[in-house]
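# Coordinates in review
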Amino acid sequence: MPEVNHKDRTVTPKLELCVSTKMENLTVIGDFVASVAKEFGLDDDVTFAVQMAVDEACVNVMEHAYCGKSNGMVRLTCQILDDDLVVTIHDHGRAFDPQTVPRPDITAPLEKRGEGALGLYLMEELMDSVEFQFDAVQGNTLIMKKRLHRGKQAL
Amino acid sequence: MVINTRQFKRVDLVELGGRIDSNIAADLEGAFSVLMEAQRFRIIVDMQDLEYISSRGLRALISTLKQTRRWNRGDLRLCNVPPRISGVLDMAGLTPLFKIYDNTVDAVGSF
């Protein structure tokens, strides 16, 4: 994809997907991320991290923000801004406080496993930054960034 | 996405391939519950062609591991784990919980 260079800034066009919150669309979202990765020439490690983090973020929107209802909408945009791939996920479901969500204890014995928000934890581990914004009018926005090692990029 | 279950005399082999996203993970939960209901408690999960597995898929592995270990010599073991999946297992602190083998033959022979 041609990139625009604004005084040494690298900015690609935004690629966007807007789908309803039915669970089957997680596969559509995964395919979209794969095509974005191809378009932007992302390496396999970055592609893997972003696909996983986006899947976890979107299933949270479907299950928690929209309580499993399939008639909500989720909008995903991807763009390279300088050295980062920036992924934005937007919805109008219920807001939540990410601080109060318990993270899993990854050193607990087997009996205590399976508790805590493993998806949210993995998003935070896989991406370089994960930031939630909640607005009563604008809706919920999640911005995740992944640092790119541009020397290796095919861009 | 691939979820294939093959029954051997002493063990069941669950082959995973492609992307086990949070939607497809429901099929994995289903495959494991079929084995649990049939009282097949010796399971090998072959991850050879697995591209990624969501947290829901990981929770299915954890919950099935717990169930199998309640039975005599029951276990859920992993083999052919690709490097990126191995990285996720490490990230989630799951590596120490599972017996992990380099190949299917060693995994089957371990039971």
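That block above? That's the structure.
Report on the accompanying structure. (Residues numbered from 1 in each chain as written. Chains lettered and ligands numbered in written order. Predicted model: local features only at pLDDT ≥ 70, side-chain atom pairs only at ≥ 80, totals over all residues. Heavy atoms only, no water.)

## Some thoughts on the pattern of salt bridges
Residues and elements named next belong to chain B.
- Taken as a whole and assessed by the stated rule, the structure comprises nine salt bridges over all chains.
- R56 serves as the salt-bridge partner of E29, at 2.8 Å between the closest nitrogen and oxygen. Here E29 is found in helix 1 (residues 25-37), whereas its partner R56 is found in helix 2 (residues 55-68), with 27 residues between them in sequence.
- On the accessibility criterion, E29 (32% relative accessible area) is partly exposed.
- Given a relative accessible area of 18%, R56 falls into the buried group. (Salt bridge = Lys/Arg side-chain N within 4 Å of Asp/Glu carboxyl O. Helix = DSSP H or I, 4+ residues; strand = E, 2+ residues; numbered from the N terminus. Buried < 20%, exposed > 50% of the residue type's maximum accessible area, 1.4 Å probe, protein only.)

## Describing helix 2 of chain B
- In this model, helix 2 of chain B (14 residues) spans 20 Å end to end at C-alpha, consistent with the 20 Å of a helix rising 1.5 Å per residue.
- Most of helix 2 of chain B is tucked away: ten of the 14 residues are buried. (Expected span 1.5 Å × (residues − 1).)

## Description of the interface of chain A and chain B
- In this complex, chain A contributes 27 residues to the contact, which on the side of chain B involves 25 residues.
- In this assembly, chain A packs against chain B so that about 2300 Å² is buried in total across both faces, 60% of it on carbon and sulfur atoms.
- The largest per-residue losses of area from chain A upon contact with chain B belong to F48, L110 and R113 of chain A, which jointly make up 29% of the total buried on that side.
- Here chain A and chain B share two salt bridges between them.
- The salt bridge involving D31 of chain A is made with R19 of chain B; its shortest N-O contact spans 2.6 Å.
- Linking chain A with chain B are eleven residue pairs in polar contact (both at pLDDT 80 or more).
- Elements represented by at least two residues in the side of chain A that touches chain B include exactly helix 1 (25-40), helix 2 (44-65) and helix 3 (118-126) of chain A. (Contact = heavy atoms within 4.5 Å. Buried area = accessible area lost by both parts, 1.4 Å probe. Polar contact = N/O pair within 3.5 Å; in protein donor to acceptor, adjacent residues only side chain to side chain.)

## Remarks on the layout of surface pockets
- The calculated volume of the largest pocket comes to roughly 490 Å³.
- Lining the largest pocket we find 29 residues, and of these V59, N60, V61, H64 and F96 of chain A sit closest to its centre.
- Secondary-structure elements contributing two or more residues to the lining of the largest pocket are helix 2, strand 5 (84-91), helix 3, strand 6 (129-135) and strand 7 (139-147) of chain A together with helix 2 of chain B.
- Ranked by residues supplied to the lining of the largest pocket, first place goes to helix 2 of chain A with eight residues.
- Its residues assigned to classes, the lining of the largest pocket shows 15 nonpolar, eight polar and six charged.
- Estimated volume of the second largest pocket: approximately 250 Å³.
- Along the walls of the second largest pocket sit 13 residues, with D44, F48 and Q51 of chain A together with E51 and R84 of chain B positioned nearest its centre.
- Among the elements that make up the lining of the second largest pocket, the one with the highest residue count is helix 2 of chain A (four residues).
- Considered class by class, the residues forming the lining of the second largest pocket number seven nonpolar, two polar and four charged. (1 Å grid on protein atoms, 1.4 Å probe; cavity = no way out; pocket = protein on both sides within 12 Å on 5 of 7 lines; lining within 4 Å. Points joined across faces, edges and corners; volume = space filled by probe spheres on them. Nonpolar A, V, L, I, M, F, W, Y, C, P; charged D, E, K, R; others polar.)

## Observations concerning the sheet that holds strand 5 (residues 100-101) of chain B
All names here are of chain B.
- Read from one edge of the open sheet, five strands run 1-2-3-4-5, paired in mixed fashion. Every other strand in the sheet has two partners, leaving strand 1 (2-7) and strand 5 as the edge strands with one partner each.
- Two strands pair when backbone bridges link them, and strand 2 (residues 12-20) and strand 3 (residues 42-53) are joined in this way by eight bridges, in the parallel orientation. Pairing of I20 across the sheet is with I53, part of strand 3.
- Strands strand 1, strand 2, strand 3 and strand 4 (75-79) of the sheet are contacted by helix 1, whose axis makes an angle of about 175° with strand 2.
- Where helix 3 (residues 83-91) meets the sheet, it contacts strand 3 and strand 4, and its direction lies at approximately 110° from that of strand 3. (Pairing = 2+ DSSP bridges. Axes fitted to C-alpha atoms, helices over the stretch in contact; angles between N-to-C directions.)

## Here's the deal with helix 1 of chain A
- The end-to-end C-alpha distance of helix 1 of chain A is 22 Å, a good match for the 22 Å that 16 residues give at a rise of 1.5 Å each.
- Buried residues belonging to helix 1 of chain A abut strand 3 (15-20), helix 2, strand 4 (73-81) and strand 5 of chain A together with strand 2 of chain B.
- The first or second residue beyond helix 1 of chain A is G41 of chain A, which carries a positive phi of 65°.

## Focus on the side chain of N80 of chain B
All names here are of chain B.
- Structurally, the position occupied by N80 is in the loop between strand 4 and helix 3.
- Only 3.0 Å separates the side chain of N80 from the side chain of D46, close enough to count as a polar contact.
- Filtering out sequence-adjacent residues up to four positions away, N80 remains in contact with D46, M47, Q48, Y101, D102, N103 and T104.

## Some points on the nonpolar core
- Within the largest apolar cluster, 38 residues are counted, with the highest numbers of intra-cluster contacts made by L122 of chain A together with F32, V45, I53, L58, L61 and L76 of chain B.
- Listed by contribution, the elements that provide at least two residues to this core are helix 2 and helix 3 of chain A together with strand 2, helix 1, strand 3, helix 2, strand 4 and helix 3 of chain B.
- Of all the elements, strand 3 of chain B adds the most residues to this core, at six residues.
- Not counting chain neighbours up to four residues away, the residues in contact with L61 of chain B comprise F32, V45, M47, I53, L76 and F98 of chain B. (Core = buried A, V, L, I, M, F, W, Y, C linked by side-chain atoms within 4.5 Å.)

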